[in-house]
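# What the coordinates show
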Amino acid sequence: MSDVRQAYVTAAEVATALLRAPAVAAGWGRPSALPEFSVGGLAAHLGAQVFNVTLALAAEVPPGCSAVSVREHYARASWLAADLNEETNVLIRRGSEKAAANGPVDVHTRASAELRRLRDVLPAEPADRTVFLPWAGWPLTLDDLLLTRLMEIAVHCDDLAASVAEPTPELPDAVFDPVLTLLTGLAVRRHGQVAVLRALSRAERAPATITAL
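All chains use their own residue numbering, which begins from 1 and follows the written sequence. Only residues with pLDDT of at least 70 are given local features in this predicted model, and only at 80 or more are side-chain atom pairs given and counted; all residues enter the totals for whole chains, interfaces and linings. To get the side-chain values, all heavy atoms of the structure are used, and hydrogens and water are removed first.

### What about the overall build of the protein chain?
Segments assigned H or I by DSSP are reported as helices when at least four residues long, segments assigned E as strands when at least two residues long, and all are numbered from the N terminus. Per the secondary structure count, the protein chain includes 9 helices and 2 strands. Written out in order from the N terminus, the α and β elements of the protein chain read α-α-α-α-α-α-β-β-α-α-α. Whereas a compact globule of 213 residues would reach a radius of gyration of roughly 17 Å, the protein chain reaches 17 Å, a difference of no more than 12%. With respect to the principal axes defined by its C-alpha atoms, the protein chain has extents near 50 × 45 × 35 Å. With a 1.4 Å probe rolled over the protein chains alone, any residue whose accessible area is under 20% of its type maximum counts as buried; one over 50% counts as exposed, and the rest are partly exposed. Expressed as a percentage of its 213 residues, the buried residues of the protein chain come to 45%. Between two residues, a contact is recorded if the distance between any of their heavy atoms is within 4.5 Å. Sequence-distant contacts in the protein chain: of pairs separated by 6 or more residues, those separated by 24 or more amount to 72%. Taken as a whole, the protein chain presents about 10,700 Å² of accessible surface, with 54% of it coming from carbon and sulfur. The convention is simple: Lys and Arg are positive, Asp and Glu are negative, and His and the chain ends are not counted. The atoms used to mark charge sites are NZ of Lys, CZ of Arg, CG of Asp and CD of Glu. Within the protein chain, one finds 19 positive and 24 negative side-chain charges whose respective centroids are separated by 3 Å. C-alpha atoms define the radius of gyration, and 2.2 Å times the number of residues to the power 0.38 defines the globule rule. Where accessible areas are quoted, they stem from the Shrake-Rupley method and a 1.4 Å probe; at the residue level, only the protein chains shown are allowed to cover.

In structure tokens:
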């Protein structure tokens, strides 16, 4: 199994463990750290980083449709840096809240079951496997899809932990390093090299933010 596939499984294990935390269940209906998301909706969105891999594996790649790069994927993503109330973000929140409606046990149970299946499925997939993202409308290689899910898991584990006053889970280097590389690249794309360089090395000249998302 490729490094990113193994890293994804590890990250998904961390995510599903957080979904099982008593504090998450206790806060399910309360507002989360993210505007307009309940704790339950945010937890369901975190769980979707497992479910969506299965959706992509099951989707048929349209004939003649080639995988785009990760860079192009984020260039096309309508949610990236979109306003809170833009349609794409409203739809994400609405779908997540709907997925949370049956409660924390349902979300955790389904995510855990799907992860057990993916542990067997991912190693058997070809190294060059292309998958189609129904929610986006274009294909990625499987490994690039998993890289994007690594980032989603890392970011939303922190969001969910902060929402319920739990410590943010520490991720192994094999998970965190590619996430850091991806987020740094997105930050450079959004703010430019100089802004990121100064934020990381020169506090006296650092910009107010270099947020990647």
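The structure having been displayed, the exposition proceeds.
### Here we look at the pattern of salt bridges
The term salt bridge refers to a pairing of a side-chain nitrogen on Lys or Arg with a carboxyl oxygen on Asp or Glu at a separation within 4 Å. Under the criterion given, the structure shown has 7 salt bridges. Between Arg-76 and Glu-72 there is a salt bridge, and its shortest N-O distance comes to 2.8 Å. Of the two residues, Arg-76 and Glu-72 are both situated in helix α4 (residues 70-76); the distance of 4 residues between them amounts to about one turn of the helix. On the accessibility criterion, Glu-72 (34% relative accessible area) is partly exposed. Salt-bridge contacts for Glu-204 lead to Arg-205; the nearest nitrogen and oxygen are separated by 3.7 Å. Given the relative accessible area of 61%, Glu-204 is considered exposed. We classify Arg-205 as partly exposed; its relative accessible area is 43%.

### Details of unusual backbone geometry
The phi torsion at Glu-36 lies on the positive side, around 75°, for a residue other than glycine. Mapping Glu-36 onto the fold places it in the loop between α2 (22-26) and α3 (39-58).

### Focus: the nonpolar core
As used in this record, nonpolar core signifies buried Ala, Val, Leu, Ile, Met, Phe, Trp, Tyr and Cys residues forming a set joined through side-chain atoms within 4.5 Å. Ranked by size, the top nonpolar core spans 59 residues in total, and within it Tyr-8, Leu-122, Leu-150 and Leu-160 carry the most contacts. Of all the secondary-structure elements, those providing two or more residues to this core are α1 (3-19), α3, α4, α6 (104-124), β1 (130-133), β2 (138-141), α7 (142-163) and α8 (173-191). Every residue in contact with Leu-150, bar those within four places of it in the chain, is listed here: Val-4, Ala-7, Tyr-8, Ala-11, Val-175, Pro-178 and Val-179.

### Some remarks on α8
Residue pairs spaced three or four apart in an α-helix point in one direction, given the helix's 3.6 residues per turn. Expected helix span is computed as 1.5 Å times (number of residues minus one). With 19 residues, α8 extends 26 Å between its outermost C-alpha atoms, agreeing within 8% with the 27 Å of an ideal straight helix rising 1.5 Å per residue. Listed as buried for α8 are Val-175, Val-179, Leu-182, Leu-186 and Ala-187. The arc that holds the buried residues of α8, viewed along the axis, is 140°, so those residues lie on one side. Of the exposed residues in α8, the ones pointing more than 90 degrees away from its buried face are Asp-173, Ala-174 and Thr-181. Where the residues of α8 are buried, they touch α1, α4, α7 and α9 (193-201). Here the arc refers to the set of directions running from the helix axis out to each C-beta atom.

### Notes on the side chain of Glu-125
Tracing the backbone through its elements, the reader meets Glu-125 in the loop between α6 and β1. A relative accessible area of 19% places Glu-125 in the buried class. Any N or O atom pair separated by 3.5 Å or less is treated as a polar contact, with the protein-specific requirement of one donor-capable and one acceptor-capable atom, and with residues adjacent in sequence counted only for side-chain atom pairs. A distance of 2.6 Å separates the side chain of Glu-125 from the side chain of Arg-129, its partner in a polar contact. When neighbours within four sequence positions are excluded, Glu-125 is seen to be in contact with Arg-5, Leu-57 and Leu-142.

### As for the environment of Pro-139
Note that Pro-139 resides in strand β2. Assessed through its relative accessible area of 1%, Pro-139 is described here as buried. Residues Pro-139 and Gln-49, 90 residues apart in the sequence, show an inter-C-alpha distance of 16 Å. In contact with Pro-139, not counting residues within four places along its chain, are Val-61, Cys-65, Ser-66, Ala-67, Val-68, Thr-130, Val-131 and Phe-132.

Shape is all these values report; function is a separate question.
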